[in-house]
Structures are given as C-alpha cells and as structure tokens.
Amino acid sequence: MSNNDSPSGQTISLDVYAVALALVLALLVRLNLLPPIKW
Amino acid sequence: MVTTIVPVCTETPVRRFIALIPGLLLLIAVGYAGKSIEQSIAVYTKARHITFPNIEYVLWAIVIGLVIANTVGVPRIFQAGVATYEFWLKAGIVLLGSRFLLGDVLHLGGISLLLVAIAITLSLTFMHILGRTFRLKPKLTSLLAIGSSICGVSAIIAAKPAIDADDEDASYAIAAILALGAISLFTFPLVGHSLHLSDKAYGLWAGLAVDNTAEATAAGALYSDAAGKVAVLAKTTRNALIGFIVLGYALYWSARGEAQAVKNKAAFLWRKFPKFVLGFLLISLLATLGFFAKPQLVSLANLSRWAFLLTFAGVGLRTSLRELGKQGWRPFAVGAIGEVFIALLTLGLVYGADRYLHL
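K.L.:
With reference to specific residues and values, describe the nonpolar core.
P.N.:
Grouped burial of nonpolar side chains is what soluble globular proteins tend to show. Residue and element names in this part refer to chain B. Membership of the largest hydrophobic core comes to 82 residues, with the highest contact counts inside it found for Ala-61, Val-94, Leu-95, Ile-156, Ala-159 and Ala-173. Of all the elements, helix H6 (residues 138-162) adds the most residues to this core, at 13 residues. Those residues in contact with Ala-173, other than ones at most four positions away along the chain, are Leu-140, Leu-143, Leu-144, Gly-147 and Ile-156. Counting residues in each nonpolar core, the second largest holds 28 residues, with Leu-185, Ala-216, Ala-218 and Ala-231 among its members.

Take a look at the structure:
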C-alpha cells in the first residue's frame, strides 16, 4: 500500500475521513446509540 | 506489489459510491469466511479435546484473498471496492486505541516495567542488526522489528500505513509472526516447567516474549491461572507503547530522503505524518481517562476487529504471490532467529530478576 503515488491531499483526506468515522462510531457507542457490537 | 491503478473518476459521488459496492461485498464475504474458519476450527478442536493453536481470522482472510487473487484473479468490477481496505485499516487502528490503556502500565511494578523497557529496546536493536545482516528491505525489517518487539499483528497493522510499507512486506511479517507465535504455545510451557519458573516469572516471560496478544494470553494460561494474569498485564504494557513506537518510526521514515529537500521540515513532517496515529492516541487517552464504560470498550474493540476483517481480506486480494516469492526465505529466517533471540533474552532477564531481585 503506497501513498506515494497519490497526491498528498488525497492521503490526508483518507486519514481524516477514517479518523472522523472512528470518532463518530466511538461517540455513538459512548452515548449508547449503537447496540453492543459483538464479535 | 501488483497494483491495479484505479482511474481518476470524473463521475458523480453517487456513481462512485455505487462502484464501490461489489468490492465491499467481496471484502465482507472473504473476511467473514476467514472468521468462520477460525471459529469452526476452535469449536471442532475444543469438542474433541485436541490441542491446536488458534490461527486468527487475520491469517485466514489473507489466505482466502491470496488464493482468489492468484488463481481466478479479481475482476475489474470489484477493484474499486477492494481498494477501500486502506480506509478500513485506518479507521480500525483508531478504534484499536480503546484496547490500549496507558494506565495498565502502572499495575505491573517497577522491576517488571524496567524489564519491559530493556526487552523492547534490545529486541528492536537486534532485529534491525539482523535485517541489515540478511539484507532485507528496510521497511520489512522495520515491520518485523515492531511486530516482534511490541505487539505482533496489531503493531504491524498500525505501523504498515504509518511507514508506508508494501502489502507484501506486511503479509510476510504477519505470517512470520503468527507462525512463530503458534510454535511458542507448545514450547514455552515446556521450558517454564523444566526451569521451575514461578508463576509471576513465567507469566512475565510469556508476556514479554510472545508477540500476539491472543498467543501470549494462551501461553500464560497454559502454565497456570496466575501466570496467565501476569502474562496479560505484561503484554498490555507492551501494547500500551505501540503508539509511541509507531510514532517514532513514522517520524523516522517521514524524515528520510525527501525531508532533506524541503525547507520547512516541521511542515513536511506534519504533511507526511499519518494523522490516524493521533486518532489512535486520542481514543487510547479517552479510554485511559475512563471516558468509556467497560462494555463500551468491548464494543469499540469489536468494531476495530470488524474493520480489520475487511482490511485483511483486501490485503490478501491485492497481494501478488509472485512478488512475495521474490523476497525469498530471508525474511522468515530473520523472524525466526529474532524470535528465538528475544525468547532467550527475555528468559534470561526474567530468570535473573526473579533470582536476584525477587519479582
């Protein structure tokens, strides 16, 4: 997986979107708005 | 790595999203198949009282993906969706922060903490010397060093995008770490019993030397309940350091090469720095501060596992065996020699500390 081929803007936005999704999910879990996630 | 270049899309966001669906479904199918195989084997061996090391879904998902990609191939319709695996990887790493409580470090005790620090430093140093001796690619050496000194698969997962390593390097490092972890399940209890190690000494050794959390826990529990608890604590302490080690490697690799050509190194480092590492540290800090209740931490850890399920299906589907074969036997030799060295080193440290400093 190389980010070197992609413009830096795209790399940053992928990181930001991934972090944003994770934080939103964490917040939903914290506020008990998601059912318990099973594995 | 054989990578299919996805053409730059000039289509609408909705059509781009629709184009991702077949590949996403393939990731889910492959990942879920990996999870099912792991669980089926566990149920089968438990029902028949067969001692068999747990082979994690990670490896199965990679293997299934590899088989598909290197036999029938991945049709073009799936490729855009399969390429999203990097996104799931980063989201999964941020959520993984919930499993690494910085406060766990304090429960272990001073001498044990010192042993953890010494073991990690010597392991990283030795793996880099070994990698250089065997002339491995520097990033593969970094992955093997991080994997064998910190925390196995999780550390490799976290480090891979941070140091921008190839899929083949990560697949190889993960396979080597998991294979060697399985072997340790059989050998560690035998060595512990023959040396008459105390529960605490053995647990500390297992927690320091076995790389993957699941295997370290199992290796400890195979000795005794008390040893299992110490192994988990020592392993968690190593895990807690993952963010800092990955941060160090990310800075190192960011600063190499291109950094000399730029005027503002700080701005360059920030631009190249993987932002998801900060997300990981933030979630880890929140978990440490008690922001999440225990069941919520379990949910977050499980969410990260689901994200990795998609990730590793994608890694397998995008890995070329031909490219992997070009790396030859040397990476595995480095992993094996390194693991044996680390096992002996940590055994010596723990044995000495138990004898003279009374752990």
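Picking up after the structure, the text goes on.
K.L.:
Could you give me a rundown of the interface of chain B and chain A, with the residues and numbers involved?
P.N.:
The accessible area lost on association of the parts is a frequent measure of interface size. The interface is formed by 26 residues belonging to chain B together with 23 residues belonging to chain A. Classifying every residue of the side of chain B that touches chain A by side-chain character gives 13 nonpolar, four polar and nine charged.

K.L.:
Let's hear about unusual backbone geometry: which residues, and what values?
P.N.:
At A:Asn32, a residue that is not glycine, the phi angle is positive and equals roughly 55°. A count of 12 C-beta atoms within 10 Å places A:Asn32 in the exposed class. Look at B:His196: it is not a glycine, yet its phi comes out positive at around 55°. Relative to the assigned elements, B:His196 resides in the loop between helix H7 (167-194) and helix H8 (199-209). You can call B:His196 exposed: it has 8 C-beta atoms within 10 Å.

K.L.:
Can you explain the confidence of the model for chain B? Please cite residues and give values.
P.N.:
Residues and elements named next belong to chain B. The pLDDT averaged across chain B works out to 81; a share of 86% of its residues lies at or above 70. With pLDDT under 50 throughout, residues 1-9 is counted as low confidence; its partners more than four residues away or in other chains account for 13 contacts. Taken over the whole predicted complex, pTM reads 0.68, whereas the ipTM for its chain interfaces reads 0.80.

K.L.:
Talk me through the packing of helix H1 (residues 13-47) of chain B against helix H2 (residues 57-70) of chain B; I want residue IDs and the actual numbers.
P.N.:
Residue and element names in this part refer to chain B. Contact geometry for H1 and H2: axes closest at 8 Å, N-to-C directions at 130°. As far as their axial angle goes, H2 and H1 are oblique. H2 is crossed by H1, and the crossing has right-handed handedness. Contacts between H1 and H2 pair Val-30, Gly-31, Ala-33, Gly-34, Lys-35, Ile-37 and Glu-38 from the former with Tyr-57, Trp-60, Ala-61, Ile-64 and Gly-65 from the latter. In terms of residue class, the contact of H1 with H2 is made up of seven nonpolar, three polar and two charged.

K.L.:
Quick rundown of the confidence of the model for chain A? Include the residues and the values.
P.N.:
Confidence along chain A averages 76 in pLDDT terms, with 67% of residues attaining 70 or more. Within the model, pLDDT remains below 50 along residues 1-11 of chain A, and this stretch shows 12 contacts once partners closer than five positions in the same chain are excluded.

K.L.:
I'd like a description of the environment of B:Thr213, backed by residues and values.
P.N.:
Relative to the helices and strands, B:Thr213 is located in helix H9 (residues 213-221). Its 21 C-beta neighbours within 10 Å are what place B:Thr213 among the buried residues.

Calculation criteria
Residues numbered from 1 in each chain as written. Chains lettered and ligands numbered in written order. Predicted model: local features only at pLDDT ≥ 70, side-chain atom pairs only at ≥ 80, totals over all residues. Core = buried A, V, L, I, M, F, W, Y, C linked by C-beta atoms within 7 Å. Buried ≥ 20, exposed ≤ 12 C-beta atoms within 10 Å, placed from the backbone. Helix = DSSP H or I, 4+ residues; strand = E, 2+ residues; numbered from the N terminus. Contact = placed C-beta atoms within 7 Å. Nonpolar A, V, L, I, M, F, W, Y, C, P; charged D, E, K, R; others polar. pLDDT = per-residue confidence, 0-100. Axes fitted to C-alpha atoms, helices over the stretch in contact; angles between N-to-C directions. Parallel < 35°, antiparallel > 145°, perpendicular 65-115°, else oblique. Left-handed = near helix turned anticlockwise from the far one by under 90°.

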